[in-house]
There are 2 protein chains.
Amino acid sequence: MNNSISQELNFFLLLAKTQSMLTRRFDNNLGGLGFNEFMILFYLSQSKEEKMRRIDLAGKLGLTASGITRLLIPMEKIGWVKREPYTEDARVSFVSLAKGGKNKLADESMEDAENLAKDLLPPATKTKDLETFSLLLSTMSGTIG
Amino acid sequence: MNNSISQELNFFLLLAKTQSMLTRRFDNNLGGLGFNEFMILFYLSQSKEEKMRRIDLAGKLGLTASGITRLLIPMEKIGWVKREPYTEDARVSFVSLAKGGKNKLADESMEDAENLAKDLLPPATKTKDLETFSLLLSTMSGTIG
DNA sequence: GCATTATACTTGATTAATCAAGTATATATC
DNA sequence: GATATATACTTGATTAATCAAGTATAATGC
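In this report, the structure presented in the accompanying data block is examined. Values in this document were obtained by computation on a predicted structure and should not be read as measured data.

## Things to note about the protein's contact with DNA strand C
Part 1 of the argument: Every one of the 23 residues lining DNA strand C counts as a neighbour, but Thr69 and Arg70 of chain A together with Asn36, Thr64 and Arg70 of chain B are closest to it.
Part 2 of the argument: Of all atoms in DNA strand C that approach within 4 Å of the protein, 64% are sugar or phosphate atoms.
Part 3 of the argument: Within the side chain of Asn28 of chain A, an N or O atom sits 3.0 Å from a phosphate oxygen of DNA strand C.
Part 4 of the argument: Within the side chain of Arg53 of chain A, an N or O atom sits 2.9 Å from a phosphate oxygen of DNA strand C.

The structure is reproduced here in structure tokens:
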């Protein structure tokens, strides 16, 4: 039996496990919003004119274009986001933050997310380490393309 | 517009994005094994007598018991794992590594996973940092319960 | 300008995984 | 030792997300 495993692979196994648990935790504690839905509303709220191309949203969440299409369907129905055609390039359609989504985010979910984030990190976590780790994550997600 | 977001929450958003991309990458490059399937075969191969309780497997992957039940159904059918009843506690059933699964892992997937892991990490990643992050991740997943 | 290639998005079919509820067994409490 | 609670697992219903293929439009190369 060969029991050896590299530190690198071990890191990815741990990452997968942790992220599964984290996603479930976020999904259940954002006042009725799923984590992905929260991220969509949040990124829209941060963007210029509160609207983004669907493909850019996909990039932000690390999902496929298809995944975004499907995520947005119920959100549009409920009135959290709106579809905005784009005349300069007919392939593109923008998603914009609708009133309902803006309220949903502001009233509760944003605060819930912030509180959860602070609760989840071990109290001893060093700011400096968090920075290093964040940088590693951006580099990886930038590289994976 | 309130554009502020804590470093902590930002970290979790980045983590989610990166993990989505990573999972897709692993899923498509382990010689026909999904990432979760790979992890199951791997953890079984590492465990005593190459068998584990389903609930412990769930813990290792960060999934629910239900998720594990469903993951194992096709794997059992294909002959990668076997179900083993446990007389000392009739609630429990063990999963063991079957011949097919053992071969699948040894012939290709283990090597693929190791190579991928090394490819995905930025070359400049410091061993020391990787250790720190791994520790942070274990602490978090241990705490989340 | 025409043909090729690339981009943005949607859709059908499928797979993955959750939750809530249910079954069966074991453990603890009184 | 009967009752209540906890644990391990499965199942039905549902939601999430993929891939592969298709549509439509735009950009590139010659």
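From this point, the discussion proceeds with the structure in view.
## Focus on the interface of chain B and chain A
Part 1 of the argument: Across the boundary between the two partners, chain B contributes 59 residues, which contact 59 residues of chain A.
Part 2 of the argument: Summing the contributions of chain B and of chain A, the shared interface buries around 5,800 Å²; its carbon and sulfur component is 71%.
Part 3 of the argument: Contact with chain A buries surface across chain B, with Phe12, Phe133 and Ile144 of chain B losing the most and accounting together for 11% of the total.
Part 4 of the argument: Applying the counting criterion to the chain B and chain A interface returns zero salt bridges.

## Overview of the packing of aromatic side chains
Part 1 of the argument: This structure, assessed with the given rule, holds 15 aromatic pairs over all chains.
Part 2 of the argument: Judged by centre distance (4.3 Å) and plane angle (5 degrees), the ring pair of Phe26 of chain B and Phe35 of chain B falls under stacked. Like Phe35 of chain B, Phe26 of chain B is buried.
Part 3 of the argument: Among the aromatic residues, those joined into a cluster by ring pairs are Phe11, Phe12, Phe26, Phe35 and Phe133 of chain A together with Phe11, Phe12, Phe26, Phe35 and Phe133 of chain B.
Part 4 of the argument: If you follow Lys51 of chain A out to its NZ or CZ, it ends over the ring of Phe94 of chain A, 5.3 Å from the centre.

## Focus on the relation of the copies chain B and chain A
Part 1 of the argument: Between chain B and chain A, the superposition needs a rotation of 180 degrees and an axial shift of 0.0 Å, giving an RMSD of 0.0 Å. Here the transformation between the copies is reduced to the relation of a two-fold axis.
Part 2 of the argument: A share of 100% of the interface residues of chain B reappears at the interface of chain A, consistent with the copies meeting face to face through the same patch.

## So, the protein's contact with DNA strand D
Part 1 of the argument: Looking at DNA strand D, there are 23 residues lining it, with Asn36, Thr64 and Arg70 of chain A together with Thr69 and Arg70 of chain B nearest.
Part 2 of the argument: Sugar and phosphate atoms represent 65% of those atoms of DNA strand D found within 4 Å of the protein.
Part 3 of the argument: Between DNA strand D and Arg24 of chain B, the relevant distance is 2.7 Å, taken from a phosphate oxygen to a side-chain nitrogen or oxygen of the residue.
Part 4 of the argument: Among the secondary structure elements, those contributing two or more residues to the surface near DNA strand D are helix 4 (65-78) of chain A together with helix 3 (54-61) and helix 4 (65-78) of chain B.
Part 5 of the argument: Residues belonging to the surface near DNA strand D are distributed by class as follows: six nonpolar, eight polar and nine charged.

## As for the nonpolar core
Part 1 of the argument: In terms of nonpolar packing, the biggest core is built from 90 residues, with Phe11, Phe12, Phe38 and Phe133 of chain A together with Phe11, Phe12 and Phe38 of chain B touching the most fellow members.
Part 2 of the argument: Ignoring sequence-local partners within four residues, the contact set of Phe11 of chain A consists of Phe133, Leu136 and Met140 of chain A together with Leu121, Leu130, Phe133, Ser134 and Leu137 of chain B.

## Considering the sheet that holds strand 3 (residues 93-97) of chain B
Residue and element names in this part refer to chain B.
Part 1 of the argument: The three strands are arranged 1-3-2 in an open sheet whose pairing can be described as antiparallel. The open sheet has two edge strands with one neighbour each: strand 1 (51-53) and strand 2 (81-85). Strand-to-strand twist across the sheet, computed as the mean angle between neighbouring axes with direction ignored, equals 30 degrees.
Part 2 of the argument: The sheet contact formed by strand 1 and strand 3 spans three bridges and is antiparallel. Counted as the bridge partner of Lys51 is Ser96 from strand 3.
Part 3 of the argument: Sheet contacts for helix 3: strand 1, strand 2 and strand 3; angle to strand 1, the most-contacted strand, approximately 90 degrees.

## A short note on the sheet that holds strand 1 (residues 51-53) of chain A
All names here are of chain A.
Part 1 of the argument: With respect to topology, three strands assemble into an open sheet ordered 1-3-2, the strand pairing being antiparallel. Both edges of this open sheet fall to strand 1 and strand 2 (81-85), since each of them pairs with a single strand only. Across the sheet, the mean angle separating the axes of adjacent strands is 30 degrees when strand polarity is ignored.
Part 2 of the argument: Helix 2 (residues 35-46) rests against strand 1, strand 2 and strand 3 (93-97) of the sheet, and its axis sits at about 90 degrees to strand 3.
Part 3 of the argument: Along the sheet, helix 3 (residues 54-61) makes contact with strand 1, strand 2 and strand 3, crossing strand 1 at roughly 90 degrees.

## A closer look at the side chain of Gln19 of chain A
Part 1 of the argument: For Gln19 of chain A, the location among the structural elements is in helix 1 (residues 7-27).
Part 2 of the argument: Taking the relative accessible area as the measure of exposure, Gln19 of chain A reaches 7% and is therefore buried.
Part 3 of the argument: Residues within four places of Gln19 of chain A in sequence aside, it is in contact with Phe35 of chain A together with Leu15, Ala16 and Gln19 of chain B.

## Quick word on the pairing of strand 3 of chain B
All names here are of chain B.
Part 1 of the argument: Within strand 3, five of the five residues are buried, which leaves the element mostly enclosed by the surrounding structure.
Part 2 of the argument: Of the two faces of strand 3, both are covered, the one formed by Ser93, Val95 and Leu97 as well as the one formed by Phe94 and Ser96.
Part 3 of the argument: Where strand 2 and strand 3 come together, five bridges link them in antiparallel fashion. Within strand 3, the residue paired with Pro85 across the bridge is Ser93.

Rules used in this analysis
Residues numbered from 1 in each chain as written. Chains lettered and ligands numbered in written order. Predicted model: local features only at pLDDT ≥ 70, side-chain atom pairs only at ≥ 80, totals over all residues. Heavy atoms only, no water. Near = heavy atom within 4 Å. Polar contact = N/O pair within 3.5 Å; in protein donor to acceptor, adjacent residues only side chain to side chain. Contact = heavy atoms within 4.5 Å. Buried area = accessible area lost by both parts, 1.4 Å probe. Salt bridge = Lys/Arg side-chain N within 4 Å of Asp/Glu carboxyl O. Phe/Tyr/Trp six-rings, centres within 6.5 Å; stacked < 30°, edge-to-face > 60°. Buried < 20%, exposed > 50% of the residue type's maximum accessible area, 1.4 Å probe, protein only. Lys NZ or Arg CZ within 6 Å of the ring centre and 35° of its normal. Least-squares fit on C-alpha atoms with pLDDT ≥ 70 in both. Helix = DSSP H or I, 4+ residues; strand = E, 2+ residues; numbered from the N terminus. Nonpolar A, V, L, I, M, F, W, Y, C, P; charged D, E, K, R; others polar. Core = buried A, V, L, I, M, F, W, Y, C linked by side-chain atoms within 4.5 Å. Pairing = 2+ DSSP bridges. Axes fitted to C-alpha atoms, helices over the stretch in contact; angles between N-to-C directions.

Bear in mind that shape data such as this cannot, by itself, settle questions of function.
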